[in-house]
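What follows is the residue order along each chain.
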Amino acid sequence: MREFYSGNEKMSTLVNGSYKIIKILSRLGIKPGFGESSVNEVCFTNSVSAKIFLAICNIADFDQYKPEMDSFSKSETADLVRYLRLSHNEFMNKDIPSIELCISNITSSKGANPKHSEILKHFFEEYRDELESHFSYEDKTVFPYVTGILSGKREAGYSIEKFEENHSNIEAKLSDLKNILLKYLPAGYPYEVVYDLLSRLYLLEEEFENHARVEDFLLVPLVSHLENSLKSFNHGS
Amino acid sequence: MAVKFRIAIIEPSQILRTGLEASLSSIAGKFQILWSFSSLSHYTSFADEIDPDIIIVNPSLFDQSGAETVKSILSNTDETRIIAFSYTHTSDILSRQFDSVISIYDTPAEIASKIEKTAGSEPSESDSRYPKQNGHPDSYDLSDRELEVLVSVAKGCTNKEIAGIHNISVHTVISHRKNIVRKTGIKSVSGLTVYALLNGLIDQ
């Protein structure tokens, strides 16, 4: 089995081994042209915490990876929140609209049955609204709470545990749509667009799974660690 | 903490059942024997309430001709692995339907390693994107009863209402719904509604 990614590896080797890392680089605003630089060097040049970058990559590619909570600073946790916000933004303003465009190409194609088109569009609109409220809860409630903790203020009546308990699955309907298109779409639709849409759905599903893992296995333990240290600090003073 | 595999055992002999439970429990921390049943009917009466990762079952409880598939009888989810616990001869056609076979002559360590290997492997025929290698390729089509239940689900009926409409038990409704999800790969009610509309089972 391969070892977890480390900061001394070359950035180019890392990306060659796993294309998922491209999305992570892009979201963090890390610019290409790595040459022979190591992960640590590239992150330093781009003012991104290498520790957070590596933790996100390791979570994406290794099921057994467990980050060490003690080793993250507050500014690194803030970097993670920034990454998660950027991910939400990318999902809602880039990925979902491009999927919507595919769907509208399919439903407005010559062979389309207007009744079926209406059904598909309605299904996806409903799903988009669900996503919207899922992400906006995190953007407006969870992340501000974390930012508060980082500045030493803990909002009463909320804890990261609550978020963890209610963290809902957002991939289920995406997978349903995949199966509907793959197995049950009637003949007569432009197949190139359908396949293009399917690839996007598979990639986005993978991204959503990863995103949830970063939240559950990095953000939640980091914040609950901070909550505990805040508690003991308050007791001590 | 390591993930524990949740195991259900279906074995008519009490001696063997207790022996298997004791052997697996002696391997600390890996397995949880959560359910034990003495017969298939005993198991099926609980099937909707439990979700084991692994079912260890005596193959002699099934028809040796393999006419009814093991998976359809156990009606579990695609993720569940089914392991045969065998001490008599099992026909090839039947043993192929299991994800793995353990024998009463295996040591506890051998059994543990087989279970772990099976749990980490792909299910033998779960992927509905590919035609099945054996058995009947049309068995993924919904039965008439399943279609009726699907239509009611798509119309927004609750399990209790569906049971009333079709004069069947809630338990049966749940079992039909499980099969519908397994066959179509569609989990959400709104997804199933799209399926029903696309196939002209309901209009709007």
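All values derive from a computational prediction rather than experimental measurement.

Comments concerning helix α4 (residues 50-61) of chain A
Since one α-helical turn is 3.6 residues long, residues separated by three or four positions face the same way.
Residue and element names in this part refer to chain A.
Alright, step 1. For α4, which comprises 12 residues, the first-to-last C-alpha distance of 16 Å matches the rise-based estimate of 16 Å (1.5 Å per residue) to within 8%.
Alright, step 2. Counted residue by residue, α4 has 10 buried out of 12 residues, so it is predominantly covered.
Alright, step 3. Taken together, the buried positions of α4 are occupied by Ala-50, Ile-52, Phe-53, Leu-54, Ala-55, Ile-56, Cys-57, Asn-58, Ile-59 and Ala-60.

Observations regarding the confidence of the model for chain A
Alright, step 1. Here chain A averages 90 in pLDDT, while 97% of its residues score no lower than 70.
Alright, step 2. Mean pLDDT across the secondary structure elements of chain A bottoms out at helix α9 (residues 191-236) of chain A, with 88, and peaks at helix α3 (residues 39-45) of chain A, with 96.

As for helix α8 (residues 170-184) of chain B
Alright, step 1. Helix length check: α8(B), at 15 residues, gives a terminal C-alpha distance of 21 Å against a target of 21 Å (1.5 Å per residue), a fit within 8%.
Alright, step 2. Downstream of α8(B) by one or two residues, B:Gly185 has phi in the positive range, about 75 degrees.

Remarks on the interface of chain B and chain A
Alright, step 1. Every contact between the two is made by 17 residues of chain B and, on the other side, 16 residues of chain A.
Alright, step 2. Around 1500 Å² of area is buried between chain B and chain A when both sides are counted, 62% of it from carbon and sulfur atoms.
Alright, step 3. Linking chain B to chain A there are zero salt bridges.
Alright, step 4. Our count for the contact surface shared by chain B and chain A stands at seven residue pairs in polar contact (both at pLDDT 80 or more).

Let's talk about the pairing of strand β4 (residues 81-86) of chain B
Residue and element names in this part refer to chain B.
Alright, step 1. For β4, the buried fraction is high: six of the six residues fall into the buried class.
Alright, step 2. Summarising the sheet, strand β3 (residues 54-57) and β4 pair through four bridges and their orientation is parallel. Each residue of the ladder has a partner; that of Ile-54, found in β4, is Arg-81.

Looking at the nonpolar core
Alright, step 1. In terms of nonpolar packing, the biggest core is built from 49 residues, with A:Leu131, A:Leu177, A:Leu197 and A:Phe208 touching the most fellow members.
Alright, step 2. Of all the secondary structure elements, the ones that give two or more residues to this core are α5 (74-107), α6 (114-150), α8 (172-184) and α9 of chain A together with α6 (144-154), α7 (159-166), α8 and α9 (189-198) of chain B.
Alright, step 3. Once residues within four sequence positions are removed from consideration, A:Leu197 is found in contact with A:Ile99, A:Cys102, A:Ile103, A:Ile106 and A:Leu181.
Alright, step 4. Counting residues in hydrophobic clusters, the runner-up holds 48 residues, among them A:Val39, A:Val48, A:Met69 and A:Val146.

Considering the pairing of strand β1 (residues 5-10) of chain B
All names here are of chain B.
Alright, step 1. Counting buried residues in β1 gives five out of six residues, a clear majority hidden from the surface.
Alright, step 2. Note: β1 against strand β2 (residues 31-37), six bridges, orientation parallel. Counterpart to Arg-6 in the pairing with β2 is Gln-32.
Alright, step 3. Sheet topology places β1 next to β3; four bridges connect them, and they run parallel. Within the sheet, the bridge partner assigned to Ile-7 lies in β3 and is Ile-54.

Brief notes about the packing of α6(A) against α8(A)
Residues and elements named next belong to chain A.
Alright, step 1. Relative orientation of the contacting elements α6 and α8 amounts to 160 degrees, with a least axis distance of 11 Å. Relative to α8, the element α6 is oriented roughly antiparallel. Considering how the two elements wind past one another, α6 and α8 form a crossing that is left-handed. Mapping the contact onto sequence places Leu-120, Phe-123, Phe-124, Glu-126, Tyr-127 and Glu-130 in α6 and Lys-173, Leu-174, Asp-176, Leu-177 and Ile-180 in α8.

Quick look at the packing of aromatic side chains
Residue and element names in this part refer to chain A.
Alright, step 1. Here the structure, examined in full by the defined rule, presents 14 aromatic pairs over all chains.
Alright, step 2. Relative to Tyr-195, the ring of Tyr-191 has its centre 6.3 Å away and its plane inclined at 75 degrees; by these criteria the two rings are edge-to-face. Placement of the pair is Tyr-191 and Tyr-195 together in helix α9, with a separation of four residues, close to one helical turn. The residues Tyr-191 and Tyr-195 share a single accessibility class, namely exposed.

As for a nonpolar patch on the surface
Alright, step 1. Taken together, the side chains of A:Tyr19, A:Ile22 and A:Leu203 make up a nonpolar region of the molecular surface, amounting to roughly 320 Å² of accessible area.
Alright, step 2. Under the relative-accessibility criterion, A:Ile22 is labelled partly exposed at 47%.

Looking at the sheet that holds β1(B)
Residues and elements named next belong to chain B.
Alright, step 1. The strand order across the open sheet built from five strands is β2-β1-β3-β4-β5, with neighbouring strands paired in parallel fashion. What marks the edges here is a single partner per strand, and that holds for β2 and β5 (100-103). Pairwise comparison of adjacent strand axes, ignoring direction, gives a mean angle of 25 degrees for this sheet.
Alright, step 2. Sheet strands in contact with helix α1 (residues 14-25) are β1, β2, β3 and β4, and its direction is about 170 degrees off that of β2.
Alright, step 3. The strands that helix α5 (residues 108-119) touches are β1, β2, β3, β4 and β5; relative to β5, the one it contacts most, it runs at about 170 degrees.

Description of the pattern of salt bridges
Residue and element names in this part refer to chain A.
Alright, step 1. For the coordinates displayed, the defined rule picks out 21 salt bridges over all chains.
Alright, step 2. The salt bridge involving Arg-154 is made with Glu-227; its shortest N-O contact spans 3.9 Å. One end of the pair, Arg-154, is in the loop between α6 and α7 (160-166); the other, Glu-227, is in helix α9, and 73 residues separate them in sequence.
Alright, step 3. Arg-200 is the salt-bridge partner of Asp-196, the closest N and O atoms lying 3.3 Å from each other. Taken as a pair, Asp-196 and Arg-200 lie in helix α9 at a separation of four residues, close to a single helical turn.
Alright, step 4. Salt bridges here are not isolated pairs; linked through shared partners, they connect Lys-23, Arg-27, Glu-90, Asp-95 and Glu-207.

Some details on the packing of α6(B) against α7(B)
Packed helices, taken two at a time, are described by their axes: the angle between them and the distance between them.
All names here are of chain B.
Alright, step 1. Closest axis-to-axis distance for the α6/α7 pair is 10 Å, and the angle between their directions is 130 degrees. In terms of orientation, α6 and α7 fall into the oblique class. Crossing handedness for the pair α6 and α7: right-handed. Of α7, the residues touching α6 (which contributes Arg-145, Glu-148, Val-149, Ser-152 and Val-153) are Ile-162, Ile-165 and His-166.
Alright, step 2. Along the lines of polarity and charge, the residues of the contact of α6 with α7 split into four nonpolar, two polar and two charged.

Rules used in this analysis
Residues numbered from 1 in each chain as written. Chains lettered and ligands numbered in written order. Predicted model: local features only at pLDDT ≥ 70, side-chain atom pairs only at ≥ 80, totals over all residues. Heavy atoms only, no water. Helix = DSSP H or I, 4+ residues; strand = E, 2+ residues; numbered from the N terminus. Expected span 1.5 Å × (residues − 1). Buried < 20%, exposed > 50% of the residue type's maximum accessible area, 1.4 Å probe, protein only. pLDDT = per-residue confidence, 0-100. Contact = heavy atoms within 4.5 Å. Buried area = accessible area lost by both parts, 1.4 Å probe. Salt bridge = Lys/Arg side-chain N within 4 Å of Asp/Glu carboxyl O. Polar contact = N/O pair within 3.5 Å; in protein donor to acceptor, adjacent residues only side chain to side chain. Pairing = 2+ DSSP bridges. Core = buried A, V, L, I, M, F, W, Y, C linked by side-chain atoms within 4.5 Å. Axes fitted to C-alpha atoms, helices over the stretch in contact; angles between N-to-C directions. Parallel < 35°, antiparallel > 145°, perpendicular 65-115°, else oblique. Left-handed = near helix turned anticlockwise from the far one by under 90°. Phe/Tyr/Trp six-rings, centres within 6.5 Å; stacked < 30°, edge-to-face > 60°. Patch = residues over 30% accessible without salt bridge, like charges linked within 9 Å, V, L, I, M, F, W, Y side chains within 5 Å. Areas by Shrake-Rupley, 256 points an atom, 1.4 Å probe, with all protein chains shown as cover. Nonpolar A, V, L, I, M, F, W, Y, C, P; charged D, E, K, R; others polar.

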